[in-house]
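Close look at the chain arrangement
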Number of protein chains: 2
Amino acid sequence: METHELRDVGLKVTLPRMKILEIMERETNERHLNAEQVYKILLSENEEIGLATIYRVLTQFEAAGLVSRHHFEGGNSVFELNKGHHHDHVVCVKCGKVDEFTDDIIEDRQNQIAQKLGYELTDHSLYLYGLCPKCK
Amino acid sequence: METHELRDVGLKVTLPRMKILEIMERETNERHLNAEQVYKILLSENEEIGLATIYRVLTQFEAAGLVSRHHFEGGNSVFELNKGHHHDHVVCVKCGKVDEFTDDIIEDRQNQIAQKLGYELTDHSLYLYGLCPKCK
DNA sequence: TTGAATGCAAACCGTTTGCAAACTT
DNA sequence: AAGTTTGCAAACGGTTTGCATTCAA
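Residues numbered from 1 in each chain as written. Chains lettered and ligands numbered in written order. Predicted model: local features only at pLDDT ≥ 70, side-chain atom pairs only at ≥ 80, totals over all residues. Heavy atoms only, no water.

Observations concerning the protein's contact with DNA strand C
Neighbouring DNA strand C are 20 residues; Y55(A), S77(A), R17(B), T53(B) and R56(B) lie closest to it. Close to the protein, within 4 Å, the atoms of DNA strand C belong to sugar or phosphate groups at a rate of 74%. Between a base oxygen of DNA strand C and a side-chain N or O atom of R56(A), the distance comes to 3.2 Å. Contact distances for DNA strand C include 3.1 Å between a phosphate oxygen and a backbone N or O atom of E48(B). Those elements that place two or more of their residues in the surface near DNA strand C are α4 (51-64) of chain A together with α2 (15-27) and α4 (51-63) of chain B. The residue makeup of the surface near DNA strand C, split by class, is seven nonpolar, six polar and seven charged. (Near = heavy atom within 4 Å. Polar contact = N/O pair within 3.5 Å; in protein donor to acceptor, adjacent residues only side chain to side chain. Helix = DSSP H or I, 4+ residues; strand = E, 2+ residues; numbered from the N terminus. Nonpolar A, V, L, I, M, F, W, Y, C, P; charged D, E, K, R; others polar.)

Shown next as structure tokens:
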């Protein structure tokens, strides 16, 4: 139940936050949503929640560590529910489907490259773009 | 001389285009510039070129294959002069310095991952963020 | 001379913010 | 009852566009 997840991260339990969290839990596995998409899903379920609230709630969720924000090609932010482990993404440029992966070899190489160039890494982002099985 | 590069890609030779191309050639190796930065450099050299023109020219350069556009963390676009070969980037989060690299092992792994997940890759982006030698 | 390129200001779009009203505790 | 959270509309920042003027060929 979303109630506990919200309380656990110190957020007051409100209807908008519960609904948005519920949607993130339902949809994250298939695709990552932007604020507009969350807004439309809410509308289609007859929940009249303002777009500004969605941005605010998602930003709070991000600060609380419940979701991460990504900037895919094109620019606007998409959000994904956190499941704890680091991973990278493959994004379908046609339908928006997202697959996740981790690869130790790639991680190692990144660290080696950073070291060789003298950088102290703080973060990295790796996105693969293409057509998913259904779309090609 | 910038004149030929412009003619070669089918662009009329104008002062804004020459100046902007010249700046890209001077600056690309050290850092990748956004439109605002190009604008300020032009101003500092007493060239009064409108920001809208800079966006238009950079977009034309991109279409002509002269430059690439990237979306680094934070969101706004930065441009880099193309030198023909594919490469990825390490970006200093403090000073904006950019280093480039390519790594065949990473490229291979990316292709294998895409294949395993059934994607037909069209593109990818890999950015490492950190502190460069001077900034850490 | 003629069509393309520029400058300016206004439009745009995703996102954020100020404020009064509606909620959670 | 006290303090948050929400909705609305207005503001914002980077980028694009319409239109009259200026320019390259």
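Remarks on the interface of chain A and chain B
Listed per partner, the contact involves 33 residues of chain A and 33 residues of chain B. With both chains or domains summed, chain A and chain B bury close to 3100 Å², and 61% of this area falls on carbon and sulfur atoms. Taken together, the links from chain A to chain B amount to two salt bridges. Scanning the region where chain A abuts chain B turns up 14 residue pairs in polar contact (both at pLDDT 80 or more). Take the side of chain A that touches chain B: its biggest share by element is twelve residues, from strand β5 (residues 120-131) of chain A. For the side of chain A that touches chain B, the class distribution of residues is 19 nonpolar, six polar and eight charged. Two elements, β5(A) and strand β5 (residues 120-131) of chain B, share eleven bridges in a ladder whose sense is antiparallel. Its bridge partner being in β5(B), L131(A) is matched across the sheet by E120(B). (Contact = heavy atoms within 4.5 Å. Buried area = accessible area lost by both parts, 1.4 Å probe. Salt bridge = Lys/Arg side-chain N within 4 Å of Asp/Glu carboxyl O. Pairing = 2+ DSSP bridges.)

What to know about the domain arrangement of chain A
Residue and element names in this part refer to chain A. What the domain assignment lists for chain A is domain 1 (1-83) and domain 2 (85-135). Spacing between the C-alpha centres of domain 1 and domain 2 amounts to 23 Å. Every contact between the two is made by ten residues of domain 1 and, on the other side, eleven residues of domain 2. Counting the surface lost from both domain 1 and domain 2, the interface buries some 930 Å², and carbon and sulfur atoms represent 49% of this. (Domains from an automatic or database assignment.)

Quick notes on the packing of aromatic side chains
For the structure shown, the criterion picks out three aromatic pairs over all chains. An angle of 45° between the planes, with centres 6.3 Å apart, marks the rings of Y127(A) and Y129(A) as tilted. As far as burial versus exposure is concerned, Y127(A) and Y129(A) are alike and both buried. On the numbers, 5.0 Å between centres and 75° between planes, the contact of F72(B) with Y127(B) is edge-to-face. With F72(B) in the loop between β1 (67-71) and β2 (77-81) and Y127(B) in strand β5, this pair connects stretches of sequence that are 55 residues apart. Residue classification places Y127(B) among the buried residues on the basis of a relative accessible area of 8%. Aromatic ring contacts, followed pair by pair, group F72(B), Y127(B) and Y129(B) into a single cluster. (Phe/Tyr/Trp six-rings, centres within 6.5 Å; stacked < 30°, edge-to-face > 60°. Buried < 20%, exposed > 50% of the residue type's maximum accessible area, 1.4 Å probe, protein only.)

Topic: the protein's contact with DNA strand D
Taken together, the neighbourhood of DNA strand D is formed by 19 residues, with T14(A), R17(A), T53(A), R56(A) and Y55(B) sitting nearest. Protein-proximal atoms of DNA strand D, defined as those within 4 Å of the protein, fall in sugar or phosphate at a share of 74%. The contact in question runs from a phosphate oxygen of DNA strand D to an N or O atom on the backbone of E48(A), over 3.1 Å. The contact in question runs from a base oxygen of DNA strand D to an N or O atom on the side chain of R56(B), over 3.2 Å. Of all the secondary structure elements, the ones that give two or more residues to the surface near DNA strand D are α2 (15-27) and α4 of chain A together with α4 of chain B.

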